[in-house]
Amino acid sequence: MKTTRLLSRDQLARFYDGLGAGLDTQAFYEAAAMRDLVAHLEMRTSRAIVEFGCGTGRLAAELLANYVPPGATYLGLDVSRTMVELTKRRLSRWGGRVEVRQTDGAPHVEAADNTFDRFICTYVLDLLSDEEIRRVLDEAHRILRPGGLLGLGSLTNGPTPTSGLVTTIWRRLHQVSPWLVGGCRPITLSSFMPNSGWTVEYTNIVVRFGVPSDIVVARNVATPRST
Ligand SMILES: C[S@@+](CC[C@H](N)C(=O)[O-])C[C@H]1O[C@@H](n2cnc3c(N)ncnc32)[C@H](O)[C@@H]1O
């Protein structure tokens, strides 16, 4: 069986520390997918948002400026010190409503059960092992309140001839060295969604400039654990 070589947590932190604000150049293919995701996340009723792998804080700034109610809070998590600094700077005008933490890259989130009502993770699960992806989703389920929404985006397999070719080339580059593509490989998000605990409410594949992005919005439907 072919094994997929992935970058370790330390290597990912180093890569994204080096990339810094250059990460925002990926907006050319991510922005349309992010708009589609946000349109299905019912942000107007959100009160407590957590983002796993916040990058430069681009999506968070957009949410805080245009989509979330005035009292809503935001917690951003990232393994890269540079990304944490960039997000803090970008979100400084929202003061105490915002917290940004550097993590060790573990799927665990330092937060009590049933704390948040939105868990957002875009273009991060495609860097992680299958096992880690499942653990992040378990953690999202633990810290989301019942009825809370999970919003995911990732690179995926292209559904059209052009995007299929882009995916094939991307996968080859990843096989040669994951460093060439920032550790990212195409994945199918719905294949990681367990049958219980979540209701998948929306899925889509958005293709921009031949690059396909998978979008999933799912609701936490399980009875909360008692704390
Ligand atoms: C491709 S960027 C995406 C950033 C942002 N979510 C976006 O859509 O623009 C991946 C981000 O995830 C962070 N990251 C990678 N592995 C991580 C982990 N295990 N835990 C937390 N953040 C991680 C990287 O440092 C980087 O900021």
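Residues numbered from 1 in each chain as written. Predicted model: local features only at pLDDT ≥ 70, side-chain atom pairs only at ≥ 80, totals over all residues. Heavy atoms only, no water.

Chemist: What am I meant to see in the packing of aromatic side chains here?
Modeler: Each aromatic ring pair is specified by the distance between its two centres and by the angle formed by the two planes. For the structure shown, the criterion picks out seven aromatic pairs. Seen from their ring centres, F15 and Y16 are 4.9 Å apart, and the 75° between their planes marks the pair as edge-to-face. Each member of the aromatic cluster is reached from another via a ring pair, and the members are F28, Y29, Y123, W170 and F209. (Phe/Tyr/Trp six-rings, centres within 6.5 Å; stacked < 30°, edge-to-face > 60°.)

Chemist: Is there a simple way to explain the side chain of D117 in this structure?
Modeler: Looking at the element boundaries, D117 is found in strand 4 (residues 116-122). You can call D117 buried: its relative accessible area is 8%. (Helix = DSSP H or I, 4+ residues; strand = E, 2+ residues; numbered from the N terminus. Buried < 20%, exposed > 50% of the residue type's maximum accessible area, 1.4 Å probe, protein only.)

Chemist: Which parts of the structure should I look at to understand helix 1 (residues 9-19)?
Modeler: Structural remark: α-helix, 3.6 residues per turn; residues separated by three or four positions point the same way. When helix 1 is considered as a whole, its buried residues turn out to be L12, A13 and Y16. Axial view of helix 1: buried residues confined to an arc of 100°, hence all on one face. The outward face of helix 1, more than 90 degrees from its buried face, is lined by the exposed residues D10, R14 and G18. On the buried face of helix 1, the contacting elements are helix 4 (81-90). Among the residues trailing helix 1, G20 stands out with phi positive, at a value near 55°. (Arc of directions from axis to C-beta. Contact = heavy atoms within 4.5 Å.)

Chemist: How do you make sense of the nonpolar core when you look at a structure like this?
Modeler: Counting residues in each nonpolar core, the largest one holds 70 residues, and the members touching the most others are F52, F119, L125, L150 and L152. Per-element tally for this core: the top contributor is helix 2 (residues 27-39), with six residues. Dropping the residues within four chain positions of it, F119 is found in contact with V50, F52, V109, V136, A140, I143, L144, L149, L150 and G151. (Core = buried A, V, L, I, M, F, W, Y, C linked by side-chain atoms within 4.5 Å.)

Chemist: Would you mind showing me how to read the site of the ligand here?
Modeler: The full set close to the ligand counts 19 residues, and G53, D78, G105, T122 and Y123 are the nearest of them. Measuring from an oxygen atom of the ligand, one finds a side-chain N or O atom of T122 at 2.6 Å. Considered on its own, the ligand offers 590 Å² of accessible surface; in the complex 97% of this is hidden by protein. The set of elements that each furnish at least two residues to the shell around the ligand consists of helix 1 and strand 1 (48-52). Residues of the shell around the ligand, tallied by class, amount to 10 nonpolar, five polar and four charged. (Near = heavy atom within 4 Å. Polar contact = N/O pair within 3.5 Å; in protein donor to acceptor, adjacent residues only side chain to side chain. Areas by Shrake-Rupley, 256 points an atom, 1.4 Å probe, with all protein chains shown as cover. Nonpolar A, V, L, I, M, F, W, Y, C, P; charged D, E, K, R; others polar.)

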